[in-house]
Amino acid sequence: MKKELKKQMNRTVRSVFIYHLILVGVSFLYILWKSAGNAGLTGVDAFSEQMLKYAMDKAGLLSLAGTAAGLLYMAVRYRKTKDIRHMLHEKKPMTIQVFLAAFCVFMSCQVLFAAASSLAELLLNPFGYTLSKAAESASAVSTTFSMFFYSTLAGPIAEELVFRGYIMRRLLPFGKEFAIVISAVLFGLIHGNFLQGSFAMGAGLVLGYIAVEYSMKWSLVIHILNNLVFSDLMGRMSEMMAEPLKSVFTCGVPAAFFITAVLILFLNREKIKKWRKNNRIGKRYCLYAFTSVWMILFIIMEVMTAMNGVSKI
């Protein structure tokens with residue numbers, strides 16, 4: 001089993017690795033192309049500022065183009081499989097009660113973001129560093145229509161197809177819990193942001209469970225609803241509020257979801273224990289997964305990317 005699991009992990013994570021390189025590569029190639037026309041720029045700072053300007057001006061369009069290219073790669077890579085059709089299939093009927101409960105648990109993961117932010121500042125500030133840039137990047141609202149379209153629709157669709165479709169499907173032969181956990185970890189890592197990644201991992205567990213037990217179409221609905229209403233539109237609302245109402249709003253909403261989620265999980269604790277007992281991760285499976293060559297390379301790449309969010313105070 002060890003050899004088989006590691007082999008599948010390397011194949012799966014390698015595809016995620018290449019997918020991410022394609023996402024980043026589209027922006028990088030565009031910047032290089034634009035920069036070629038400014039060979040007269042002198043000084044590293046001036047050149048870097050110009051490259052950053054190109055990336056920011058076309059961030060939405062570049063994200064859409066990179067996502068399209070990445071999805072094309074995944075579609076070609078797994079063209080002989082029926083992953084998406086299987087994940088869209090309705091395993092169990094979704095009820096309003098289950099959907100609302102799943103959504104509350106999903107939204108409670110915002111507390112992970114807040115906790116990670118506070119912990120990071122507590123650990124880094126004494127050494128003169130901060131993750132404020134990473135926090136701002138993770139919570140920023142869209143400034144162009146293309147970025148709004150990407151963050152609220154195209155991005156969630158792509159992420160669900162890749163992580164709850166192609167990737168999780170590859171891991172299901174080793175158990176539901178294993179597939180959900182590993183796909184959630186990969187989902188968190190690919191964000192390349194320590195703070196946003198903490199939320200994404202927690203959210204990935206909820207989305208993975210919904211996709212496996214019900215249908216990927218419901219995890220997709222939750223993902224889009226979060227990005228559209230609670231990330232973008234509510235973010236815009238909070239920006240228009242004055243203190244202390246803004247603080248009450250930005251802290252109160254996640255806190256309400258968290259308290260509700262804790263109550264939901266407590267009331268369903270026996271069902272959760274039974275599900276875990278029937279789908280528990282095999283002995284040493286996580287050890288084999290995290291010591292596979294491509295997983296190690298992917299973690300190193302994403303940690304290096306996330307380090308860009310660390311800056312001096």
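The following paragraphs examine the structure supplied in this document. (Residues numbered from 1 in each chain as written. Predicted model: local features only at pLDDT ≥ 70, side-chain atom pairs only at ≥ 80, totals over all residues. Heavy atoms only, no water.)

With that out of the way, let us pick up a positive patch on the surface. A cluster of basic residues, Lys-3, Lys-7, Arg-11, Arg-14 and Arg-77, forms a positive patch at the surface. Of all the elements, helix α1 (residues 2-36) adds the most residues to the positive patch, at four residues. The exposure class of Arg-11 is partly exposed, given its relative accessible area of 37%. (Patch = residues over 30% accessible without salt bridge, like charges linked within 9 Å, V, L, I, M, F, W, Y side chains within 5 Å. Areas by Shrake-Rupley, 256 points an atom, 1.4 Å probe, with all protein chains shown as cover. Salt bridge = Lys/Arg side-chain N within 4 Å of Asp/Glu carboxyl O. Lys, Arg positive; Asp, Glu negative; His and termini not counted. Charge placed at Lys NZ, Arg CZ, Asp CG, Glu CD. Helix = DSSP H or I, 4+ residues; strand = E, 2+ residues; numbered from the N terminus. Buried < 20%, exposed > 50% of the residue type's maximum accessible area, 1.4 Å probe, protein only.)

To continue, consider the environment of Ile-224. On the secondary structure map, Ile-224 appears in helix α11 (residues 216-239). Each C-alpha atom of the pair Ile-224 and Glu-160 lies 9.9 Å from the other, and the pair is 64 residues apart in sequence. With sequence-adjacent residues up to four places away left out, Ile-224 is seen in contact with Thr-152, Leu-153, Pro-156 and Ile-157. (Contact = heavy atoms within 4.5 Å.)

Within the largest apolar cluster, 40 residues are counted, with the highest numbers of intra-cluster contacts made by Met-9, Phe-178, Leu-186 and Phe-298. Contributions of two or more residues to this core are made by α1, α3 (59-77), α4 (83-88), α8 (145-171), α9 (176-189), α10 (194-213), α14 (285-290) and α15 (293-306). Looking at this core, the element that brings in the most residues is α9, giving eight residues. Apart from the residues lying within four places of it in its own chain, the contact partners of Leu-186 are Val-13, Val-16, Phe-163, Ile-167, Met-295 and Phe-298. With 26 residues, the next largest nonpolar core counts Ala-116, Ala-120, Ala-135 and Phe-199 among its residues. (Core = buried A, V, L, I, M, F, W, Y, C linked by side-chain atoms within 4.5 Å.)

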